[in-house]
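Residues per chain, in single letters:
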Amino acid sequence: QVLLVESGGGLVQAGDSLRLSCAASGRTFSDYTMGWFRQAPGKERESVAIISRSGSSTYYTDSVKGRFTISRDNAKNTVYLQMNSLKPEDTAVYYCAASASNFRTVVPGGRNFGSWGQGTQVTVSS
């Protein structure tokens, strides 16, 4: 199991940007498909963005396309989520997760993610 620690959340205004980071340890980072998920109060958890082991393939849920960018640095064992043009509806707890499965297996629903971070709160005020 890989250990994941998120950082970078906070309170921002609509239109602002934030970058979330997720540092991994415990296993070979490049062996894992990585994803960002979020859960808003009263809503189910949803997959936001997923990136393949090499970083060559990405997936985004429709509501964040063109605004969010997922990336990874395998040398630093870190995955990022750059969030631009934030909206109040982006408010949620954001989780980083790792899957030992292939990218094509886990998109779009975010199945088979076995390791999760503790989450970081993102709050966007209007």
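Every chain is numbered independently, its residues counted from 1 as its sequence is written. Side-chain atom pairs in this predicted model are given and counted only at pLDDT of 80 or more, local residue features only at pLDDT of at least 70, and totals for whole chains, interfaces and linings cover all residues. To obtain the side-chain values, all non-hydrogen atoms of the structure were used and water was disregarded.

**Q** Is there a simple way to think about the pairing of strand E9 (residues 92–99) in this case?
**A** If a strand is regular, its side chains alternate between the two faces of the sheet. Where burial is concerned, most of E9 is hidden: 7 out of the 8 residues are buried. Across 7 bridges, strand E4 (residues 33–39) lies against E9 in antiparallel orientation. Pairing of Gly35 across the sheet is with Ala97, part of E9. Where E9 and strand E11 (residues 120–125) come together, 3 bridges link them in antiparallel fashion. Residue Tyr94 lies in a different strand from E11, and its bridge partner there is Thr120. When DSSP finds two or more bridges between two strands, those strands count as paired. Secondary structure counts use DSSP, requiring at least four H or I residues in a row for a helix and at least two E residues in a row for a strand, with both numbered from the N terminus. In this structure, E9 lies alongside strand E10 (residues 115–116), joined through 2 bridges in antiparallel fashion. Each residue of the ladder has a partner; that of Ala98, found in E10, is Ser115. Throughout this description, buried means an accessible area under 20% of the type-specific maximum (1.4 Å probe, protein chains only), exposed means over 50%, and partly exposed covers the range between.

**Q** Sorry if this is basic, but what is going on with the side chain of Ser47 here?
**A** Among the secondary structure elements, Ser47 is positioned in strand E5 (residues 46–51). Residue contacts are counted whenever heavy atoms from the two residues lie within 4.5 Å of one another. Beyond its immediate stretch of four places on either side in the chain, Ser47 contacts Trp36, Phe37, Tyr59, Thr61, Pro108, Gly109 and Gly110.

**Q** Help me understand the nonpolar core in this model?
**A** Soluble, globular proteins show a tendency: their nonpolar side chains are buried together. Nonpolar core, defined: a set of buried Ala, Val, Leu, Ile, Met, Phe, Trp, Tyr and Cys residues in which side-chain atoms within 4.5 Å join the residues together. Core analysis: the biggest nonpolar cluster contains 29 residues, and Met34, Trp36, Val79, Leu81, Met83 and Tyr94 have the highest contact counts within it. Broken down by secondary-structure element, the contributors of at least two residues to this core are strand E3 (18–25), E4, E5, strand E7 (68–73), strand E8 (78–83), E9 and E11. When neighbours within four sequence positions are excluded, Leu81 is seen to be in contact with Leu18, Arg19, Leu20, Trp36, Val48, Ala49, Phe68, Thr69, Ile70 and Tyr94. Counting 8 residues, the second-largest nonpolar core is a separate cluster that includes Phe37, Ala97, Val106 and Val107.

**Q** What exactly am I supposed to notice about the sheet that holds strand E1 (residues 3–7) here?
**A** Think of a sheet as strands paired side by side through backbone hydrogen bonds, with each pair either parallel or antiparallel. Spatial strand order, E1-E3-E8-E7: 4 strands in an open sheet with antiparallel pairing. With one partner strand each, in any of the chains shown, E1 and E7 form the two edges of the open sheet. Geometrically, the sheet is characterised by an average inter-axis angle of 15 degrees between neighbouring strands, direction not taken into account. For E1 and E3, the ladder comprises 5 bridges, and the chain directions are antiparallel. Bridge assignment links Glu6 to a residue of E3, and that residue is Cys22. Helix axes are fitted only over the stretch in contact, all axes being lines through C-alpha atoms; the angle between N-to-C directions runs from 0 to 180 degrees.

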